[in-house]
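Structural features, examined
Take a look at the letters that make up each chain.
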Amino acid sequence: MSVQPDLRPWLDRAVEIATKNVADGGGPFGAMIIRGSELISVGVNRVTRDLDPTAHAEVVAIREACRKLSTFTLDGCVLVTSCEPCPLCLASALWARLDRVVFAADRYDAAKAGFDDLAFYELFESPRDTWDVPVAQLAVGAHDAPFEAWSANPERVEY
């Protein structure tokens, strides 16, 4: 994939935001949601600052953009981030229905700095029964009742 030239200044800015966040006591990640030439939101890594393992820069930017635009879908928008999104952030971008994700550093750069992005990508490629944290289904009698209720609700909002 080639990066459109108009996104390079946004990538430079994402790297600057991430670097400044380190100086401010946060993690080395910065992200923005862009729509056309408009900056919709900015997010920085706030994991240690907020004691929230989900407060990754991309997730923070997605949450803010959704609040600002009063929607849970960000079609028409691009996620620009200082580093390749980890699996959590990539899944968040997919759920947000972003048009595109563009990043500067990659999972290998993050791993060199001590972050688990690469390890998590590798974990997801291995069978679940080899994981250190067990993840398994334990079906109960009404395990599909929430989905039946959802399917039967004529007022549901699809997402």
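Higher on the page you've got the structure.
What you see is a predicted model, and the numbers here were worked out from it, not measured in a lab.

A few words now on the pattern of salt bridges. Scanning all chains against the criterion turns up seven salt bridges. One salt bridge in this structure joins Arg-35 and Glu-38, with 3.5 Å as the shortest N-O distance. Asp-109 is the partner of Lys-112 in a salt bridge, and the nearest nitrogen-oxygen pair spans 3.8 Å. On the criterion of helical spacing, the pair formed by Lys-112 and Asp-109 is a turn pair, its members being three residues apart in helix H5 (residues 107-112). A residue is classified by how much of its surface remains accessible, and Lys-112, at 70% relative accessible area, is exposed.

This paragraph deals with helix H4 (residues 87-95). Every buried residue of H4 is listed here: Pro-87, Cys-89, Ser-92 and Ala-93. Buried residues belonging to H4 abut helix H3 (57-69), strand S3 (78-83), strand S4 (100-105) and helix H6 (117-124).

Evaluation of the coordinates by the stated rule reveals five aromatic pairs. Taken together, a centroid distance of 6.1 Å and an interplanar angle of 80° make the contact between Phe-72 and Tyr-159 edge-to-face. Of this pair, Phe-72 sits in the loop between H3 and S3 while Tyr-159 is found in the segment after helix H7 (145-152), placing the two residues 87 residues apart along the sequence. With relative accessibility at 44%, the residue Phe-72 sits in the partly exposed group. Put simply, the rings of Phe-72, Trp-95, Trp-150 and Tyr-159 pair up and form one aromatic cluster.

Glancing now at the sheet that holds strand S2 (residues 38-44). Spatial strand order, S2-S1-S3-S4: four strands in an open sheet with mixed pairing. The two strands at the open ends of the sheet, each matched to only one other strand, are S2 and S4. The average angle at which neighbouring strand axes cross in this sheet is 20°, direction not considered. In the sheet, strand S1 (residues 30-35) pairs with S2 via six bridges, with the strands oriented antiparallel. Looking at S2, one finds that Arg-35 is bridged to Glu-38. Sheet strands in contact with H3 are S1, S2 and S3, and its direction is about 140° off that of S2.

In this structure, Ser-41 sits in strand S2. A relative accessible area of 3% places Ser-41 in the buried class. A polar atom in the side chain of Ser-41 sits 2.7 Å from the backbone oxygen of Ala-61. Contact partners of Ser-41, with chain neighbours within four places excluded, come to Ala-31, Met-32, Ile-33, Ala-61, Glu-64 and Ala-65.

Rules used throughout
- Residues numbered from 1 in each chain as written.
- Predicted model: local features only at pLDDT ≥ 70, side-chain atom pairs only at ≥ 80, totals over all residues.
- Heavy atoms only, no water.
- Salt bridge = Lys/Arg side-chain N within 4 Å of Asp/Glu carboxyl O.
- Helix = DSSP H or I, 4+ residues; strand = E, 2+ residues; numbered from the N terminus.
- Buried < 20%, exposed > 50% of the residue type's maximum accessible area, 1.4 Å probe, protein only.
- Contact = heavy atoms within 4.5 Å.
- Phe/Tyr/Trp six-rings, centres within 6.5 Å; stacked < 30°, edge-to-face > 60°.
- Pairing = 2+ DSSP bridges.
- Axes fitted to C-alpha atoms, helices over the stretch in contact; angles between N-to-C directions.
- Polar contact = N/O pair within 3.5 Å; in protein donor to acceptor, adjacent residues only side chain to side chain.

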